[in-house]
Structures are given as structure tokens and as C-alpha cells.
Amino acid sequence: MPATGTAFSVDLLIVTPDQLRKITFKLSKSFKPDNSVNWDLQFGLQERKKTTDTFADVIQLKVNIQPALHAKAEATAKKGLDQTQTSAAFAAGDSAKLASKGEISKASANAAARRVIAVRGT
Amino acid sequence: MRIFESVNLRRSLIGVTSCVLILLAATAIKSQVCTHKADPAFYSQGNYTIREVKLESPIDFLHAISSQLNALRSQLPVQPGKIFRLVDLSTGKDIIDKALDDEEKNLDPRSRIRVVLGRISNCDEAGPTPKLDVVYRVFTTNYNAYLTHTWELKTAELERPATTAATTQARGFLTVKPYIDYNRARQLHAGGLLRLQLPGVFDHLEISSSGSSNSDVETFQLSGSSEPENSLISRVDYRIAYTHENLPAGANRLREGTLRGQAFAATRPVSKHAAIFRVGVSFEGGNQQTNIAPINTSAVEDSGYGGLKTYVGATLRTKKYSLAASYGLQLGTSGANTNLDFIKHLVDAGFTARWIPGNQTPGDVHKVLALETQFTAGLIQEKGPVPVAQRFFGGNHTHNFIEGDTWQFRSQPFIRSIPENRLDSRASLGGNRFVSFNVTLAKAIWGRAIIPKDIASDPDFLPALEASKVSARNILVTTYLSKLPAFDTISAHMDSVDAELVKLRAMLDTLPADFPSSLPSEISEPLEENRELATDATTIIRSIIQDKKNLPSKLSSLLKEANSTTCLGDDSCSQLTSLRANLRTMEPLLLSAGFAQASAVAKQVEESLSQQQPQLVREYDSVDPSAAVRMADADMKLVGTTLDSFVNELNWIAVSPVAIFDAARVWPDRFGFRYAVGGGMRLSLVNFNVTVGYAVNPQPHAGDSRGALFFTMDVTDIFK
């Protein structure tokens, strides 16, 4: 893929309406040493028991997006997460949590995070 | 309204403005064009040298961490004199991102969008040694879900366009805010505010004091707030405060000492117009004195005072308009008794409009036309003696009905050509009725947008910003799905899926940790791989199903895919479909490996899930999600409005001509209505703005001046 545009990152933070979960979604476009484009997805989840508590990290995942998914990653960067992707992102949050407890492998958690991009419709 | 007359300060402002203009002009002359901006790899071939590295932010809030950003400059891989490489540009962006993450650790926004851009500029392509500049730009904002939607913030945006958002997100353990001010009644006065953040029920302790040669005001208060969950009420504030005031009123003085216990509440936005309703109550007691001679009216010059104040109000905010209306009721006594001596009624309504030119050039000053109007009226029903300080005096200083509340609700007539407490020609007595009407019109004619031209016209910037808004909306929609009772049935039906997964997990647990080494690798390796996938998938899906409260948000991920025929090829299958594929792969492998019973279980579970999944998808599709969409849209409408203000309305420097008109009167007063007509200029800088002008009193009476020069100055400490 040719190196077009700037290097940039779009970082979204949102606290769910019950104020108990904080989700961060960050999509970064950068350049490799050979000047080709690289996309990274970072997905973070923080939780707290009560609204008066401070948020605690459950896990932070950083996933390098496969070249085959670049078109979907670019579409996500330009158009945002669609509803299928947000459902996948919530499920990826659960996977991340299970991985942090050692109940599933990190590879499965990474696969769940990659799926956030892969399930994009158009 | 604060009035200040200072030639030196005006000269300083003219000087600052001139310097800014010269610098901007010099920057424009110096810039060179990069002809391959769309293909930055052109500059990354080892022949371009970096001339300068810039770190820029359009939001003054980030100036608070400018020292950290400047410190970062030396850590960046791009440095003046070095060969430019795209990978270094990217690494520098990542370093800045991390520094901003660290800086925001102590903030607690409900939502935030941040964009960091790294790009090249000012390319010298024709010289013997090609050079370029590297520019990093940061755009960030967050929204205080309570303040963002309210009338007072919109008003603040009008008067302090560059600082309002930053102020609402400023947090700190200790805030010290000195100020100096002038009005004709109090003359030059100065003071300060000390705010200490506290643990426990009360969030803050605040002490403020100001004084001049003829006046003093002191306040001590403890305040706190809470944000109830799952309630129509968005926020409750409470406060205990003591205020002492000693102020001139014409030839006389008004002195008050009052202890207050107060509570205020605001609803979440309701209706499609996102209306917010407010209620407030204040119990007050204290004393008031004047130095006027004893008078033969129902007014009491020296007395105790007690009372109850309450109000209801509402705000509406659209992209262009803000509307606020309030009704206040005060029941008062004139001493240490329970007799109802007076009833005060107040009505206050304000309307603000902003018209944005439709054909704006990205990055140019937003030439917004702003109209601010306010109508206020009051009436005192006298049942007994009324403390003088409770009567209506009026002038060019605004008085809030309930001191300390963020809700701006005027309790006195306001007119900019008459000094504070001098509207009533009798001055010493005050009126028992009043009405006032105020209009301010301002139009930005020169300045710079808060989003600079380079960012606003960057082809990646606005799409990325819009994409983040779409993401936020869809995350909210998905979250709100969990609130729809219609999903209860399908959530219950997922229990039978869970039962199958229990059987599957039991089967997987019976398999040996290591398959026999006698198995050929073409069986053992895929078997091992699929067992691990199936084990993790079972754990994940069971975890999701058992979290009933949040299950609806994840049903789509569990059950649905766009194309079940091709989804295995691009990893887009639903989690159940992927698991079923694992089981279909495992079934013959298990049989070949000699685990016939396990193979049978895999087959039985796969078949059961194959039967259940289509039915569950049909049930999912039959649920109407529009209620969740409506709730999300209500939230995002407010976020979007604020974000649009940053992109389309706000300037980091702007000059606006201002026209004003006021009309006000109190009863009884033989002079009737009084007027103020005038004009001036408003200069808004990053965290500093002034409005200077002259308000004419067209019908001056004995003792009145022809008008007043007004000078409004605000400095906001946003860096704590």
C-alpha cells in the first residue's frame, strides 16, 4: 500500500451510561521503515464497581492489523465503528478480561480484537 | 457587568493585537509549499533534511502542558539537521500520544476525542540541500455531560469562546484565582478565590474575598455534588455557605451577613429538543443593616432576616439557539420569627442566538453573529416589614437570585448606563417591582479559528473526527440495547446454548493434555490447534451468556455474520459460527485419533447449535432497537453540538464590534424607564477576553452621568 496522507491517530474514550465501564478505542496510522503504511488498533477496557470508585485497568490490547484488513481498517478510520463492530468490541472486552485472568490464551484475545475490524460490513 | 477604565490596558491590548498580526503575517510570508504532501514517501528517500520541528495545539488547555510538550521535543526522533524519515515522523507521533495519555491520567471525562497529526510542511524543494519542517498538531476535547448542555456554558462560550471547554475540564487539588475589577459603585476592587478539593461528602472548600476603599465581600463555602445512576436526575449539588457583604447604594450602604443551606438538581436531557429542567432550594438566615435614616415605609433599615428561596427552570439548546427560563419564589421574614413578612416573585428569561456563515473557509475566522437577550421582572408582596436589602435597586452589576448556584438567574434589574444599586432614584429605599430588558449584539470580523487552517483543511482530519463521533454513537446504541426488555426472552433462550457448551467443555476436559505421540502430525497438530480454539471459544461464549445484564450488547457478535458462506475466510464469522466450524473440524480428527465418544459429543453439540442459532438470529432480528437508537442519539446530539462549536464556531482570537441596548425601571420611581444605548468592541484571546464600549444614558436625571465607559475583562485560571 503506498504511503499516503499523514501519520495520525484517532483516540476515542467513552464511559458507558451506567458509568461503570470505560472503553478506549484508538486507531493509528503510521509508517514502517520501508515507507509502507501500518495500522494499529488499541482497545482498552477499564471497570469499576461503583461510580465513586476510580477506574481500574482490565486490559489494554494493541493489535497490528493484517494487510488484508487494511481496507476495512481504513473504512473504520474514515467512517467509524458500525454497530456490528461495536458488538464485537464489547465481546473483545470480555475476551481481554478473560485473558488477563489467564482463562484463555492471549492469542484468542488478540483474535477477538482483530475481529472488531474484520466484521465490518462495508 | 464589570466596568474598567484604563488607558494603559487598552494600549497594551492594541500592542498585543499588533504583535499577533505581525507574527501571523511573517509566518505567511515564510511558508513554502510541499508539492508531494499526498505522497510523503517522496520526502523520505534520504535527501531531505529537517529544518524545524513544531508542536502545535489549537486548544489553550494544552498550553497548560506546553512545558511537557516542549520537553518532549528533545526526545523525538525527528530533530533539526537530521535526515527526514517517515518512520521517525510516526514514532514522534506515538511519543506525543503517550505523553498526552500520561497528562490525562488525572482527568475523568465521560467522553473524549483526541487526534494527533504528524506531517511535513514548508518544504524547500528547489535548494541545493532540500529541507522541510515537521509539524505535530494535537486536537483534543472532552465533554462534561452536565455543563456542556447548559445555558450558562453557552453564555460562557459567547463571552469566553476560547476558554470555556478548557475550564470545564480543568481539575486540580488546589486552585488559587486572583482577580482585579472595577465598577463605578465599588470602584477599583481586588480579591481572590481559594478552592481546595476535599475527600468525602463535600468535594470542595472555597474561600473568596474582595475589597475596595468603599466595599468588601467575603464568602466561605463547603460544596459537594453527586450524579445518581439510572435516574432522570443527572446531577445534584449541595452547599453550605456564609456570605458577608458591605456595599454602597447611592449615598447609603447595604450590609448583609447570611448563612445559606442549598441544594440544586438538574435532569438529564429529555425530549427531542434535549430540554434540561432545574430545581433549587435555599434556606437562608442572617441580618442586614443600612445607614439610612429611619424611614416611614414598610422597608426596614436594620433587621434580622430569614427565608426560603426556591426556583424551577428549564433550558433548551439547539445548534443555533439557547433558551432559558426561570421562575423564583422567596418567602421571607424580617427577624427571628416565623411571620411571613414578604413574598418575592421573579421571572427571568434569556434567549441567545448564533448565526454562522454558511460558506466558511476551513481555518478562517468564524464570523459568528451573536445575539444575547434577557428579560427579567420581579415583584414583592409586602405582608409586613421588608428588609431594605431584599428590595430592588438595579444597575450595571448582575445579582444572582441564589448566590453560589451555577444557574444564572437575575434577581435585580440590569442596566449598563447606571452604576450598581443606583437605578432607583431614591437609591436608599429600593423598589418593590421592577422590569428590565437587555440586548447585546456582536459580530466577529477578524481573528483566527480555534482549529487552524492546516488542520481544518487536512483531508484526514475531519473524516477522522466524524468517524469518532459515529463510533461513539454506535457504542452507545450497543450499550443501550442492554436496557431493552425485548431482549429478555432471547437472553433466556441463550441458556440452552450454555447447556450445550457445558457438555462440550466437559468433553474437552476429558481429552488428554498431550495427544499420543503415535498420532500422525496431520491429525495431532490440527486437533491440538482446534482443541485450544474450541476451549477458549467455549470459555468466552459462556462468560458472555452468563453476564445477563450486558448480554444484549454482545448478541450480534455471538450470533450474526454478514455472510456465513465466506466469513470463515476473512475472520468475520460470529463467535458461535466459528465454534461450530471448530467442532466440524474436530469431529473426524477425534474419531481418527480414537476418541469416538468425544467425537460424538462434538457432533451432537454442533448439530444442536446449528439448530438453535438460526432461531436465535430470527428472535434477535425481531427486536426493535429504535429505543436504544433514540437514547444514543439524545446523548450524541449534545456531544455533537459541542464538537460542532469547536469545528465551526470557535475562534482562538476574534475581534467583534458590539452593540447594546438596555431598558429598565423600578417602582415606585418618578423617573420611570431608564435606558442604555451603546457600542464597543470585544476582543477574545485564548484565555483572556475583554469587551470595551460606552453606554449612553439618553435621559439623565439629577445626579446621573451621561453614561459610562464599560470595560469587561476576564482571565480564567485553567491550568490547575
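Fair warning: this is a prediction, and the values are worked out from it, not measured in the lab. Throughout, a residue's number is its position along its own chain's written sequence, starting from 1. Chain letters start at A and ligand numbers start at 1, both assigned in the order the entries are written. Given that the model is predicted, a residue must reach a pLDDT of at least 70 before its local features are reported, and side-chain atom pairs must reach 80 or more before they are shown or counted; all residues, however, enter totals for whole chains, interfaces and linings. Only hydrogens and water are set aside when side-chain values are computed; all heavy atoms of the structure are taken into account.

A. Quick look at the interface of chain B and chain A. Contact definition: two residues touch when any of their heavy atoms are within 4.5 Å. With 61 residues of chain B at the contact, the number on the chain A side is 57 residues. By buried area we mean the combined loss of accessible area, with a 1.4 Å probe, across both parts when two parts are placed together. Each partner contributes to the roughly 5000 Å² buried at the junction of chain B and chain A, and carbon and sulfur atoms together form 53% of this total. Whenever a carboxyl oxygen of Asp or Glu lies within 4 Å of a side-chain nitrogen of Lys or Arg, that contact is scored as a salt bridge. Where chain B packs against chain A, one counts 3 salt bridges. Among the salt bridges present, the one from Asp97 of chain B reaches Lys26 of chain A, with a minimum N-O distance of 3.0 Å. Polar contact is the term for a pair of N or O atoms within 3.5 Å; when the atoms are in protein, one must be able to donate a hydrogen and the other to accept it, and sequence-neighboring residues count only if both atoms are side-chain atoms. At the boundary of chain B and chain A, one finds 18 residue pairs in polar contact (both at pLDDT 80 or more). Segments assigned H or I by DSSP are reported as helices when at least four residues long, segments assigned E as strands when at least two residues long, and all are numbered from the N terminus. Those elements giving two or more residues to the side of chain B that touches chain A turn out to be helix H3 (86-103), strand S2 (111-124), helix H7 (461-481), helix H9 (521-546) and helix H10 (551-559) of chain B. Among the elements that take part in the side of chain B that touches chain A, H7 of chain B stands out by supplying 15 residues, more than any other. Along the lines of polarity and charge, the residues of the side of chain B that touches chain A split into 24 nonpolar, 18 polar and 19 charged. Residue polarity follows a fixed list, in which Ala, Val, Leu, Ile, Met, Phe, Trp, Tyr, Cys and Pro are nonpolar, Asp, Glu, Lys and Arg are charged, and the others, Gly among them, are polar.

B. Examining the state of the cysteines more closely. Residues and elements named next belong to chain B. A pair of sulfur atoms, both from cysteines and within 2.5 Å, is called a disulfide here. Inspection of every chain in the model, using the stated rule, returns 2 disulfides over all chains. Here Cys34 is linked by a disulfide to Cys123, with a sulfur-sulfur distance of 1.9 Å. Looking down the S-S bond of the Cys34 and Cys123 bridge, the torsion is 90 degrees, so its handedness is right-handed. Here the residue Cys34 occupies a position in the loop between helix H1 (7-30) and strand S1 (49-56), and Cys123 occupies one in strand S2, the gap between them amounting to 89 residues. Like Cys123, Cys34 is buried. Put simply, Cys567 and Cys573 are joined by a disulfide, and their sulfur atoms are 1.8 Å apart. On the S-S bond that ties Cys567 to Cys573, the torsion sits near 80 degrees, and the link is right-handed. As far as the burial class goes, Cys567 and Cys573 line up, both buried. Each disulfide of chain B joins two cysteines, and with those cysteines numbered along the sequence the arrangement is 1-2, 3-4. A 1.4 Å probe rolled over the protein chains alone gives each residue an accessible area, and that area as a share of the maximum for its type sets the label: buried under 20%, exposed over 50%, partly exposed in between.

C. Spotlight on the pattern of salt bridges. All names here are of chain B. For the coordinates displayed, the defined rule picks out 22 salt bridges over all chains. The residue Lys309 makes a salt bridge to Glu284 at a minimum N-O spacing of 3.4 Å. Of the two residues, Lys309 sits in strand S12 (residues 302-317) while Glu284 sits in strand S10 (residues 276-290), which places them 25 residues apart along the sequence. The pair Lys309 / Glu284 is uniform in exposure class, with both members buried.

D. Spatial organisation of the packing of helix H8 (residues 488-510) of chain B against H10 of chain B. Residues and elements named next belong to chain B. In this description, a line fitted to the C-alpha atoms serves as the axis of each element, helices being fitted only across the stretch in contact, and the angle between N-to-C directions of two axes falls anywhere from 0 to 180 degrees. Closest axis-to-axis distance for the H8/H10 pair is 11 Å, and the angle between their directions is 55 degrees. Here H10 runs oblique to H8, going by the angle between their axes. With respect to the hand of their crossing, H8 and H10 are arranged in left-handed fashion. Across from Ile490, Ser491 and Met494 in H8, the residues of H10 making contact are Leu551, Pro552, Leu555, Leu558 and Leu559. Residues that form the contact of H8 with H10 fall into these classes: 7 nonpolar, 1 polar and no charged. Throughout this description, any angle smaller than 35 degrees is read as roughly parallel, any larger than 145 degrees as roughly antiparallel, any in the 65 to 115 degree range as roughly perpendicular, and the remainder as oblique. Handedness of a helix crossing follows the sense of rotation of the near helix relative to the far helix, less than a right angle counterclockwise being left-handed and clockwise being right-handed.

E. Region of the structure containing the confidence of the model for chain B. Residues and elements named next belong to chain B. The predictor rates its confidence in each residue with pLDDT, a number between 0 and 100. Chain-level statistics for chain B give a pLDDT mean of 79 and a share of 79% at 70 or above. Mean pLDDT across the elements of chain B bottoms out in helix H5 (residues 164-169) (35) and peaks in helix H13 (residues 596-622) (96). This model gives residues 142-172 a pLDDT under 50, and the stretch forms 100 contacts once residues within four places in sequence are excluded.

F. Seen up close, helix H2 (residues 83-100) of chain A. Residue and element names in this part refer to chain A. Between its first and last C-alpha, H2 extends 26 Å over 18 residues, near the 26 Å set by a 1.5 Å rise per residue. Of all 18 residues that make up H2, 14 are buried, and the element is covered over most of its length. Sitting at the amino-terminal end of H2 is Asp82, which places a side-chain oxygen 3.2 Å from the backbone nitrogen of Thr84. Following H2 by one or two positions, Gly102 has its phi on the positive side, about 80 degrees. Multiply 1.5 Å by the residue count of a helix minus one, and that product is the helix's expected span.

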